[in-house]
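Listed here are the chains, written in short residue letters.
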Amino acid sequence: MSVLKRYDLEKLAVATVASHTALQILRGAKKYGFRTIAIAGRADVAEFYQQFNFIDEVWTVDFRNFVKAAEKLVEANAVFIPHGSYVEYVGWRQALEAPVPTLGCRELIKWEADQYKKMELLQRGGIPTSRVYKTPEEVDRPVIVKLFGAKGGRGYFLARDREELRRRLAGLSDYIIQEYVFGVPAYYHYFSSPVYGRVEVFGADIRYESNVDGRTFGWVEPTFVVVGNLPLVLRESLLPTIWKYGVQFAKAVEEVVGCRLAGPYCLESIIRDDMSISVFEFSGRIVAGTNIYMGYGSPYSVLYFDRPMDMGERIAHEIREAARRGRLEDLFT
Amino acid sequence: MSVLKRYDLEKLAVATVASHTALQILRGAKKYGFRTIAIAGRADVAEFYQQFNFIDEVWTVDFRNFVKAAEKLVEANAVFIPHGSYVEYVGWRQALEAPVPTLGCRELIKWEADQYKKMELLQRGGIPTSRVYKTPEEVDRPVIVKLFGAKGGRGYFLARDREELRRRLAGLSDYIIQEYVFGVPAYYHYFSSPVYGRVEVFGADIRYESNVDGRTFGWVEPTFVVVGNLPLVLRESLLPTIWKYGVQFAKAVEEVVGCRLAGPYCLESIIRDDMSISVFEFSGRIVAGTNIYMGYGSPYSVLYFDRPMDMGERIAHEIREAARRGRLEDLFT
Amino acid sequence: MSVLKRYDLEKLAVATVASHTALQILRGAKKYGFRTIAIAGRADVAEFYQQFNFIDEVWTVDFRNFVKAAEKLVEANAVFIPHGSYVEYVGWRQALEAPVPTLGCRELIKWEADQYKKMELLQRGGIPTSRVYKTPEEVDRPVIVKLFGAKGGRGYFLARDREELRRRLAGLSDYIIQEYVFGVPAYYHYFSSPVYGRVEVFGADIRYESNVDGRTFGWVEPTFVVVGNLPLVLRESLLPTIWKYGVQFAKAVEEVVGCRLAGPYCLESIIRDDMSISVFEFSGRIVAGTNIYMGYGSPYSVLYFDRPMDMGERIAHEIREAARRGRLEDLFT
């Protein structure tokens, strides 16, 4: 991004939206010597973030006019770290246009707005995905239905068979019907490093979802709203495959979307009881699951570095190294 | 507490009952240079604690006469860190009277002995709580019944409707009937710091309860006995609210109970699938859930400090800083 | 092992099979200054391990002729750390004979090949075990059936009563029928240290099993294939008992099997809702559950050491200390 050329690299600031993974992002940035800016949408949220010393500035802005905030970020010599809530808060159109250097492949946001295109991109990467049904008539087993724009697990429901599916789809539009794969959920965190020319498998988590992960005894219908994350380590014999899928995904983004997937991303899967993996989602940027190792670092980070590192530190490390090597433009779009 | 005035602050000892969270409390204390004393109720327990170098003395005492042990603690120049098992072992009357400087708001123990007063205190703090039913007749949905003096999850049972409730209550007295809220359990750890004049949100856990968290397939009735704890990080957008509830609770204790809630405490909740929180319990002192980050520190501790810290270290840090500033009386009652 | 006498202790290498817990074993070894060798069975696995700087050499070998690889390890001045996948990959006969110094009690592998002998060894140690039924006719409650050679949870099934059991056993042989204990699973990690003359309780985990730990709503039959591990801390009042069982097991191995249980091992249990423990399995070497604290260390490691340590580092620490004291032969067989 050409605006980066005018930045004073000695005084770089790192900014993100005050939610999701902002705490680890800004703490990591501060640890690596950057100025830090949190952008809140409400005063009470701003108040929470203001109490932390590692956050230099907390701005309260109107997310409906995020482009303006982005212009101010450029004046503040700031690069921007997008996360899942960012796109949700400002909308994908503003996220595409915001004139601030933004980590990773911005164009990918377009693909993520469409569940069918998401699945297509995974398949182009040779990653095994859950079967998608074009019509309810094709359905011959339990399925999960995701409404377009479903966020954080809200807007999902299960149907055990075609009959139930038909009944529940009545009156709905803009959804995707996927095979409900039996197994256990597992979310893989990756970091694509232009500086080191590699994809790192960084960690894994399980989402903690209300109410399905509670004790409901079948007394209420399952819902899937993410309220937290749980740390997971993977069977080591699965790691080569999981790493390979991460590499393949980064390559697919480069080839199909046409831009570099720099920074953190995530593949979201079910592991079946034959140990095969079925990926049903991806996230093209940092996921909240990386919060599980804030401060003390991820188990897998020590595979690549001398000491444990959390994802916020990993991002800051990459920015610092890229800045030193005059390669910031490899990270930001 | 006036006895503190006679203490030699250079030779302060930290003591606790050998159970619950004693390992992290004493290890943290040793790390900050305090002498450490573990007080066991049985020889085999004492034997276990004796093997650790960070514990200077292990006493075996008769908990039925804890007041005597407390007197010896004063002679030993010791402050005392209470935890959940302490009150269980020595009884709330002795805990109220033990003549040793005790961390936090001792008077709160009285409120905790009565489930109705507990809920009242939460409500006085403006914290959303699970509905309490005065009589079985009012019940119109699934409920959980807690016998008074229930401890560690023992003495809880569920009733799906009024009929089942009536049947199961037959012959019982001294219980509280609460709405059984559907969602996921989440326990929030706080630290109230007189030294820094703030409430810190320090971490979160999930209790690991036998048999309800096992694979029972509905073949046996659910029971809720806590046998361990699992680490949890929260959706970051929930953190401002969770922090606020912690602040409000500390304030309510000060206003209603009339003493300062110094040190660790906990709010215990269900998070519903609309992300609203329903608090059903609190603990006025350190909870066992903080054991999850013993040694390497909690994810949220780095929000306040340069390096990760566990709750035992956090307590020791507060004592050292208070001692330096001549403010120990702000911590102990 | 006499070959150790010819080793150059200044240039010791640590080797293991590239799977299971190899990453933490080799990373720990490198941290303590040893050369490191990963032994892979396939080229794609080798490729994964080759990317890590802490692994000096990755060998690709034919596991059907592991004895040959073992001879090369001796030439390379290497000691060998066995893990669960090792025995699975090379077979217990080769594992018994491989002429490379191997950590721990090699003879124990024989006992582990027979489910009945495993249970016997636990009982000889005075450890409470799940009831074993000699015939289906004795069965009067839910049971779990484990086929001999079941690995990683594959080859297990449940039967709720005698009728179901009979039906499902038809045509099968070589299995063990165990009481299905209701409660929660908990796996305890120990380290037996000849250098310090003690058994350390090092950590605990829960296995993450597909599909039983997923959201299956009873729509499919439960299966128990381990795909990862979750961190667990135990109720502290259980720790003295859990530590004692670890001590008793090490003693039983010494007395009954006749060799020293040096290094990591594991007891695998259900904790009932009366807090009693029922052990249904053991592992005589490092378990994958220890991967949960790779890099940042286990909560209980700080009970014994000044800083958190993971199991890979713990092993390397023991080897270094034994080498310094001329006691390597206490570790390897």
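Calculation criteria
- Residues numbered from 1 in each chain as written.
- Chains lettered and ligands numbered in written order.
- Predicted model: local features only at pLDDT ≥ 70, side-chain atom pairs only at ≥ 80, totals over all residues.
- Heavy atoms only, no water.
- UniProt positions renumbered as here; feature names shortened; annotations may be inferred.
- Helix = DSSP H or I, 4+ residues; strand = E, 2+ residues; numbered from the N terminus.
- Contact = heavy atoms within 4.5 Å.
- Polar contact = N/O pair within 3.5 Å; in protein donor to acceptor, adjacent residues only side chain to side chain.
- Buried < 20%, exposed > 50% of the residue type's maximum accessible area, 1.4 Å probe, protein only.
- Domains from an automatic or database assignment.
- Buried area = accessible area lost by both parts, 1.4 Å probe.
- Salt bridge = Lys/Arg side-chain N within 4 Å of Asp/Glu carboxyl O.
- Nonpolar A, V, L, I, M, F, W, Y, C, P; charged D, E, K, R; others polar.
- Least-squares fit on C-alpha atoms with pLDDT ≥ 70 in both.
- Pairing = 2+ DSSP bridges.

Here chain A is described in UniProt, under the heading Function, as follows: "Catalyzes the ATP- and formate-dependent formylation of 5-aminoimidazole-4-carboxamide-1-beta-d-ribofuranosyl 5'-monophosphate (AICAR) to 5-formaminoimidazole-4-carboxamide-1-beta-d-ribofuranosyl 5'-monophosphate (FAICAR) in the absence of folates." Regarding chain A, the relevant UniProt record gives this comment under Sequence similarities: "Belongs to the phosphohexose mutase family."

Chemist: Hey, could you go over the UniProt feature "binding site: Mg(2+)" in chain A for me, with residue numbers and the actual values?
Modeler: All names here are of chain A. The feature "binding site: Mg(2+)", as annotated in UniProt, sits at Glu268 and Glu281 in this numbering. Locating Glu268 in the fold gives a position in strand β13 (residues 263-271). With residues up to four places along the chain from it excluded, the contact list for Glu268 reads Ala186, Tyr187, Arg207, Ser278, Val279, Phe280, Glu281, Phe282, Ser283 and Val287. Side chain to side chain, Glu268 and Arg207 meet in a polar contact 3.2 Å long. The topology assignment puts Glu281 in strand β14 (residues 277-283). The class of Glu281 is buried, set by a relative accessible area of 7%. Those residues in contact with Glu281 that lie beyond four places of it in its chain are Gln115, Lys118, Leu122, Lys146, Tyr156, Leu267 and Glu268. Among the polar contacts made by the side chain of Glu281, one reaches the side chain of Lys118 at a distance of 2.6 Å.

Chemist: Go over the domain arrangement of chain A, please, and point to the residues and values.
Modeler: Residues and elements named next belong to chain A. Domain annotation for chain A reports domain 1 (2-102), domain 2 (112-128 + 182-330) and domain 3 (132-179). Residue-level contacts link 12 residues of domain 2 with 15 residues of domain 3. Both sides together, the interface formed by domain 2 and domain 3 hides about 1,200 Å², and carbon and sulfur atoms give 59% of it. Where domain 2 packs against domain 3, one counts 1 salt bridge. Salt-bridge contacts for Glu221 lead to Arg168; the nearest nitrogen and oxygen are separated by 2.1 Å. Between domain 2 and domain 3 we count 1 residue pair in polar contact (both at pLDDT 80 or more) in total. Among the residues forming the side of domain 2 that touches domain 3, the class breakdown is 8 nonpolar, 1 polar and 3 charged.

Chemist: For the relation of the copies chain C and chain B, give the residues involved together with the corresponding values.
Modeler: The transformation that overlays chain C on chain B combines an axial shift of 0.0 Å with a rotation of 120°, and the residual RMSD is 0.0 Å. Expressed as a symmetry operation, the mapping of one chain copy onto the other fits a three-fold axis. When C-alpha positions in chain C are compared against the rotation axis, the closest is assigned to Tyr296 of chain C, at 3.9 Å. An asymmetric contact is evident, with only 10% of the interface residues of chain C recurring at the interface of chain B.

Chemist: I'd like to hear about the pattern of salt bridges, residue by residue, with values.
Modeler: As a working rule, side chains carrying opposite charge can pair if their charged atoms are close by. The full count for this structure, using the stated rule, is 93 salt bridges over all chains. Across the pair Glu137 of chain B and Arg166 of chain B runs a salt bridge whose closest N-O atoms are separated by 3.7 Å. Remark: Arg166 of chain B occurs in helix α7 (residues 162-169) and Glu137 of chain B occurs in the loop between β5 (132-133) and β6 (143-151); sequence separation between them is 29 residues. By relative accessible area, Arg166 of chain B is classed as partly exposed at 38%. Here Arg325 of chain B ties to Glu321 of chain B by a salt bridge, and the two come within 2.9 Å at their closest N and O atoms. Judged by its relative accessible area of 7%, Glu321 of chain B is buried. Ionic contacts of the salt-bridge type, sharing partners, join the residues Arg27, Lys31, Arg307, Asp310 and Glu313 of chain A into one network.

Chemist: Quick rundown of the interface of chain A and chain B? Include the residues and the values.
Modeler: With 39 residues of chain A at the interface, the matching set in chain B holds 42 residues. Together chain A and chain B conceal approximately 3,500 Å² of surface at their shared face, both sides included; 64% is due to carbon and sulfur atoms. At the surface where chain A touches chain B, the tally comes to 2 salt bridges. At the junction of chain A and chain B, the tally comes to 14 residue pairs in polar contact (both at pLDDT 80 or more). Taken together, the elements giving at least two residues each to the side of chain A that touches chain B come down to α1 (22-31), α2 (43-50), β10 (198-211) and β11 (224-231) of chain A. As paired strands, β11 of chain A and strand β12 (residues 233-234) of chain B are joined by 2 bridges and run antiparallel to one another. Of the residues in β12 of chain B, the one forming a bridge with Gly228 of chain A is Leu234 of chain B.

Chemist: If you had to explain the environment of Ser301 of chain A to someone new, which residues and values would you point to?
Modeler: All names here are of chain A. Looking at where Ser301 falls in the secondary structure, it is placed in the loop between β14 and α9 (311-324). Taking the relative accessible area as the measure of exposure, Ser301 reaches 0% and is therefore buried. Between the C-alpha atoms of Ser301 and Val201, which are 100 residues apart in sequence, the distance is 8.0 Å. Those residues in contact with Ser301 that sit more than four places away from it in its chain are Phe202, Arg307, Pro308 and Met309.

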